[in-house]
Every structure is written in structure tokens, then in C-alpha cells.
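Reading the structure
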Amino acid sequence: MLDPADPAFARDPYPYYARLRTQGPAVRVALANGTHAWFVTGYEHVRAVLADSRFSNVPPPGAGRPRPDSPAQRARACLARHMLNSDAPDHTRLRRLTSAAFSPRRVDALRPRIEQLASELIAKAATRTQNGAVVDLVDAFAFPLPVLVIGEVLGVPEADRDDLRKWTYRVGSPADALPAGAVDEAWIRLHAYFTELIADKRRRPGEDLFSALVHDVTEGGLDDGELLAMAFLLLFAGYETTMNLLASASLLLLTHPGELAAARRDATRWTAVVEEALRHASPLEATTWRRTTQEVNLGGSGLIPAGASVLAVLAAANRDPAHFPDPDAFRPDRYRPAAGGTRAAPHAAFGHGPHFCVGARLARLEAAVALPVLFDALPGLQLAEDPGEIPYRPGLLVRGPRRLPVRRA
Ligand code: HEM
């Protein structure tokens, strides 16, 4: 039986996934909450599942944690009507509206602003690390930067970010890991927050992407419910993930000083550092749940019945030794082949198929801009805690260190 809230599993789920991978393309796993799910862990099979329309993204009616017919359940149902929870043709329409806003041109234009926000945050952290004080890099850097960036994209006021962090963290955590009622309350608060934000954008549209989406309504774009859900998805997808990428990449560099020194000597290495961090420490451990619309045979023992819950485990696919030699090693060079060598397979950290991450370019840009800023401003940074003691976020969806205490050498 697998308990996703078990701290030891949260910190290092890889040996477990490696065992599952040897058991077949899809393995039925009993979960601590009494349910069962089919885990897909091999690179090829994960990609096959994510590109196969027999695996639906639409959650079954009544899915989710709040009690049926409660205000929390109603709030959750509204916020959950987003593109990640939909299949074609709904998905195609919702995705088209959003991806135009995340065009390479619009994303790349954010670079100077990201640089500025990162420099400001890191300057504050640098002041605090004077005199040997310990600073938590998650709190000081990895969390606030993506929130500020996505907040700008969406036009979310800065003063609201702490509340949003609290609520999104709760709705993304296993309910049994939190005090009773905490998850329900968070759904209700998020619903109220985004309802108000939409009203505000109607009254006073800004330059942000979200204002543009609100104003598309009159031209047959998104209805009110879809807007609400879109706001929630962009916020949720936009910062929890990037926060974990920044935190995990920082941790990997602090524990691999040779790789850090090489990247600091040669700035062209940062892109490969980011790709390898995405592979090695996939910020989304698994995609969102899929459900089989019919029986699917993945070969071998992988005969999945109709109506089954399926988890495509990205973290496991990204450590598949058939595609990534020495998969547990952090080796950015695999994404920087020497002349004549071959580049490693593309990792699956941003998913695959129709739901491939809309924000991949933005996430890569944030990391490639912010990590050099961090390590240039604080060259002698050291971990202030044994890396084996650092707690990880519980659950199967999002993975990353909950804190990252550092001090200057
Ligand atoms: C390191 C950071 C990130 C990672 C690892 C990541 C990963 C992913 C993955 C794996 C999926 C597919 C999920 C599935 O198939 O169930 C996804 C979807 C999505 N991501 Fe990201 N993401 C990141 C950052 C972002 C950012 C910055 C945004 C933008 C604001 C974003 C917006 C989205 C959206 C809207 C979807 C849904 C796409 C769809 O359903 O078609 N993500 N992301």
C-alpha cells in the first residue's frame, strides 16, 4: 500500500517507482486513502498514455475532497472546470484562447522584468545572510519569484499573494495531511477571490493577460465560469511548479558544487542545468489523473480496465534507464552534447500530447534568468541543513523541498 503523505516517500519516491517500472507498463497500486490507481512509470508508456484520447482528463462527477453538496464542493466544481480537466473539443477551444497569450514573443518580453524581480528578491536575501544568518531560499526566492511573475501576467495584486499561496497549497495537498476543514475553506476562499478579481478586471481592465481574457467574453470567448476556472488554473499551474523547479535546482547546485562552478564560469551552461533539473527533480511528480474511457492494453501485464484511474508518473519516466543512462545522477552535460555526441531524450517534465504545458517557455525562462542572478549575488552560499533532512511536499502531484535553509560561507 502506498501512502503519498509518508515523509520518506515524499523525499525520495524514486526507488519505489524504479521497482514499479520493472513490474510492467501499468501497475495497480493500493493507496492509503482506500482507493486504487494504475501507475504508468516507463518513459515510452507515459508518453503513449498522454497522447492517447482513450485516457480522459475529465474527472468523474463528484470527484474531489469536499463533502458532496457542501459550499466547498460547489466552489471546487466551479474552479475545476478548466482546460486541464477537459478533453477535445472543449479543451481545444480553451487552449487556443490561452496559448495565444503565452506566445514566444509575449513570454520573451518578460525577461527584463523577471531579471529585475529576481535581483530585488535576492538583494533582500543577501542583506539577510550577512552576519551568518540562515535564510530559507524557498521563502525568500523560489516561492515569491514565480508568484510575482504570474501575478504580473494575470494582474493579481501583490498584496494578495500570501493568501493565494496558502489556499493553493491547501487544495493541492492530501486532505488527511491538514487540519479538518482547511481544504474546504481554501476552495471557498479561492472561489470568492477569483470572482472578485473578474469583477475588478471588468471595471478596470489592465494590460495583463487576464484582463484580455475577461474582455474576450463579449466576443464569444470564455463564459464567466470558464474565466474563473482559467484564473485558478493559471495561478495554480504557474507558480507551484516553478517554485519547485527553482528550489530543486538550487538544492541540486548546492549539493553539486562542480556543476555550479562550471555554470558560473560559462553562462551558456545554464540552459542545460535547467533541463537537467527538470528531468532529475520533476516539479510535477505526475500529471493530473487520467481515466480510461474503455479497456486499454498497454502490453504485457498492462491491461487497464475501463473507468480506471491512471497516473502517468513523470518523475519515473524521467529516470527511465532505457532513455537516460545513469538516470539518478545529476549531469547537465547530457543536455549539452560534445561535438558529435547525442543529446539526451527530451524529458517529460512538462508532460506530452494535447495538454503539454502552456507555460513551459515561461518556466524555463524564469529559471534560466533567476538561478545565475542568485548564485552571482551569493557566490559562497551553503546549505545550513543536511540535505537528507529537508522535508518534501506530501502528495503525488507536486514535488519539491518545503524549505531550503542556506547561509553564506
Ligand atoms: C517548472 C514549471 C512547470 C512545470 C514542471 C509544468 C508542468 C506541466 C505539466 C506536466 C502539464 C501537463 C499536466 C497534465 O497533462 O496533466 C502542465 C500543464 C499546464 N501548465 Fe505547466 N508547468 C510549469 C509551469 C507553468 C507555468 C509557468 C504556467 C503558466 C502560467 C503553466 C501553465 C500550464 C497550463 C495552463 C497547463 C494546462 C495545459 C492544458 O491542459 O492543455 N505551467 N504543466
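Residues numbered from 1 in each chain as written. Predicted model: local features only at pLDDT ≥ 70, side-chain atom pairs only at ≥ 80, totals over all residues. Heavy atoms only, no water.

**Remarks on the sheet that holds strand 4 (residues 135-136)**
Overall, antiparallel pairing links the three strands, which are arranged 4-10-9 in an open sheet. Pairing within the sheet leaves two strands with one partner each, and these edge strands are strand 4 and strand 9 (381-383). Note that strand 4 and strand 10 (residues 405-408) share two bridges and pair antiparallel. Bridge pairing in strand 10 links Val135 to Val406. Across the sheet, helix 13 (residues 224-255) lies against strand 9 and strand 10, angled at about 95 degrees from strand 9, the strand it touches most. (Pairing = 2+ DSSP bridges. Helix = DSSP H or I, 4+ residues; strand = E, 2+ residues; numbered from the N terminus. Contact = heavy atoms within 4.5 Å. Axes fitted to C-alpha atoms, helices over the stretch in contact; angles between N-to-C directions.)

**Concerning the nonpolar core**
In terms of nonpolar packing, the biggest core is built from 90 residues, with Phe141, Leu145, Phe194, Phe210 and Phe375 touching the most fellow members. Top contributing element to this core by residue count: helix 13, with 19 residues. Not counting the four nearest positions on each side in its chain, Leu145 is found in contact with Ile114, Leu117, Ala118, Leu121, Leu246, Glu366 and Ala370. Within the second largest apolar cluster, 22 residues are counted, among which are Tyr43, Val46, Leu50 and Phe55. (Core = buried A, V, L, I, M, F, W, Y, C linked by side-chain atoms within 4.5 Å. Buried < 20%, exposed > 50% of the residue type's maximum accessible area, 1.4 Å probe, protein only.)

**A closer look at the pairing of strand 2 (residues 36-40)**
In terms of burial, strand 2 is a largely internal element, four of the five residues being buried. Taken together, the three bridges between strand 2 and strand 8 (residues 309-312) define a ladder with parallel strand orientation. Considered in strand 8, the bridge of Val40 is made with Ala312.

**Some points on the site of the ligand**
Neighbouring residues of the ligand: 29 residues in total, closest His91, Arg95, Thr288, His355 and Cys357. Note that a nitrogen atom of the ligand is positioned 3.3 Å from one of the backbone N or O atoms of Ala237. Here an oxygen atom of the ligand and a side-chain polar atom of Arg290 are 2.7 Å apart. Of all the elements in the fold, those that place two or more residues in the shell around the ligand are helix 5 (90-101) and helix 13. Among the elements that line the shell around the ligand, the one with the most residues is helix 13, at seven residues. Residues that form the shell around the ligand fall into these classes: 18 nonpolar, nine polar and two charged. (Near = heavy atom within 4 Å. Polar contact = N/O pair within 3.5 Å; in protein donor to acceptor, adjacent residues only side chain to side chain. Nonpolar A, V, L, I, M, F, W, Y, C, P; charged D, E, K, R; others polar.)

**Some thoughts on the coordination of the iron atom of the ligand**
From the protein, the iron atom of the ligand takes a single donor atom, Cys357 (SG), 2.3 Å away. Locating Cys357 in the fold gives a position in the loop between helix 16 (314-317) and helix 17 (360-377). (Donors = N, O, S within 2.8 Å, 3.2 Å for Na, K, Ca; no water.)

**Points about the sheet that holds strand 3 (residues 55-56)**
Ordered in space as 1-2-8-5-3, the five strands form an open sheet in which the pairing is mixed. Lying at the two open borders of the sheet, with one neighbouring strand each, are strand 1 (26-30) and strand 3. Judged from the five bridges that link them, strand 1 and strand 2 form a sheet pairing that is antiparallel. Within strand 2, the position partnered with Val27 by the bridge is Phe39.

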